[in-house]
Amino acid sequence: MCKDASEGKHLDRKQDGARAENDWSGHLARIAEAQDRAAFAELFAHFAPRVKSFLMRSGATPTLAEDCAQEVMATVWNKSHLYDPTRATVSTWIFTIARNRRIDALRKDRRPEPEDLPWGPEPEPAAADVMAMQQETEMLRVAIRALPDAQRELIEQAYFGDLSHREIAARTGLPLGTIKSRIRLALDRLRHAMK
Amino acid sequence: MTELIKHHLTDTLLTAYAAGSLPEAFNLMVATHLSLCDSCRAQAEALEAVGGCLLAECGTEAMAADALEATFARISTGTAVPARRRDSCSVLPQPLRDYVGGDVSTIRWKPVGMGVRQAILPTSSAASARLLFIPAGAAVPDHGHRGIELTMVLQGAFSDEVDRFARGDVEVADEELEHMPVADPGEDCICLAVTDAPLRFNSWIPRLVQPFLRI
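Residues numbered from 1 in each chain as written. Chains lettered and ligands numbered in written order. Predicted model: local features only at pLDDT ≥ 70, side-chain atom pairs only at ≥ 80, totals over all residues. Heavy atoms only, no water.

Let's shift gears to the UniProt feature "domain: RNA polymerase sigma-70 region" (unreviewed entry) in chain A. According to UniProt, the "domain: RNA polymerase sigma-70 region" (unreviewed entry) feature falls on residues 43-111 of chain A. Helix makes up 74% of residues 43-111 of chain A and strand makes up 0%, while its end C-alpha atoms are separated by 25 Å. (UniProt positions renumbered as here; feature names shortened; annotations may be inferred. Helix = DSSP H or I, 4+ residues; strand = E, 2+ residues; numbered from the N terminus.)

Here is the structure:
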């Protein structure tokens, strides 16, 4: 991950939040490549309590949330080789695992998953792409913080509260366009490389 | 080929998918479409980033004292999850193959009349999913909808009053739409259809058949 750090210096307005996120993708790489238990312990200390909180806000009892959070973190270890840092931050990726676990546990539905597009043919994702994804996600986070309370609560309800799809209003004015173009670019490259 | 898709999923559906609030049958539709459509996948992953931001800021709940040890114990009994890769030769994307147990040749079709066949997929009862087989050139009986019905083409193409739909295209039909899809003459058409309410057919023969459709 040293490559990331040297690239990062050339970017102005680099934010602390982005740097912290970037450190987590390094942790995942160490888990995937070297089964690094120390890296996992740090990742666990940060994310497990957040996953547990997310699950309790979604209606899980403390006991169920504890059990599911452990299961989510075990899945993080077992899927670490599928994480693509150019398409999602570690928070986003762990969110999707926690969301899927919530569907399994609270609704007892099966959760169909799209085909995986793991980072295949290239040995390492481009550091600049990883950095750009961290920064755009940070912009999104700032935008969510800046939303009027009523709007932010609606989004929180949608993501935590298991609302039906009719109740979710998607128009929030969040800067999803940039992050979407970024992901689109990463997918295009991936498809091209897989041909 | 992903660039050729003209009819996409709505933002409302993709938001509900990202948030994890869709019934299983609709999840299956979205997962299948995302396997073919990079544009919608990028939108879905951007909406998942919203979830990631909320997770990062949703506060913490203390884990049990032995939680890390317990998690390592779970890890030691589990195995690395293999990637579910694209198989460009198959008609059914992986999420559907998981439900069918294989590709098109393993689908257990049941005739529903006029050459049309269907296979109902096992999902939770909140909504239903089925595969439809429409012979080349044939029409599905004129029908309306009580709820939302999504139809995605997997093979061949069909046309109706709205437009022409080919592989990867999704038609979103609501209560307003009464349509009669007709398959292109060149190739049998296979679709995935999901709905949150029973279909209603407008001519009396299909109406008699409807109880057997179980949709």
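Residues and elements named next belong to chain A. With respect to the helices and strands, Ala186 occurs in helix H8 (residues 176-194). A relative accessible area of 7% means that Ala186 is categorised as buried. Counting along the chain gives 125 residues from Ala186 to Thr61, while the straight-line C-alpha distance between them is 38 Å. Ignoring anything within four residues of it in the chain, the contact list for Ala186 reads Thr86 and Arg87. (Buried < 20%, exposed > 50% of the residue type's maximum accessible area, 1.4 Å probe, protein only. Contact = heavy atoms within 4.5 Å.)

So, about the pairing of strand E10 (residues 189-195) of chain B. Residue and element names in this part refer to chain B. Where burial is concerned, most of E10 is hidden: seven out of the seven residues are buried. Across seven bridges, the pairing between strand E3 (residues 128-134) and E10 is antiparallel. When the bridges of E10 are listed, Phe133 appears paired with Ile190. When strand E5 (residues 149-155) meets E10, the two strands line up antiparallel, connected through six bridges. Each bridged residue has a counterpart across the sheet, and for Gln155 the counterpart in E10 is Ile190. (Pairing = 2+ DSSP bridges.)

Quick look at the interface of chain A and chain B now. Facing the 70 residues of chain A at the interface are 67 residues of chain B. Linking chain A with chain B are six salt bridges. Notably, a salt bridge pairs A:Arg99 with B:Glu48, separated by 2.9 Å at the nearest N-O pair. Counting across the chain A and chain B interface gives 19 residue pairs in polar contact (both at pLDDT 80 or more). Mapped by element, the contributors of at least two residues to the side of chain A that touches chain B are helix H3 (37-57), helix H4 (62-79), helix H5 (90-107), helix H6 (127-146), helix H7 (149-160) and H8 of chain A. For the side of chain A that touches chain B, the element with the most residues is H3(A), which contributes 13 residues. Taken together, the residues of the side of chain A that touches chain B break down into 34 nonpolar, nine polar and 27 charged. (Salt bridge = Lys/Arg side-chain N within 4 Å of Asp/Glu carboxyl O. Polar contact = N/O pair within 3.5 Å; in protein donor to acceptor, adjacent residues only side chain to side chain. Nonpolar A, V, L, I, M, F, W, Y, C, P; charged D, E, K, R; others polar.)

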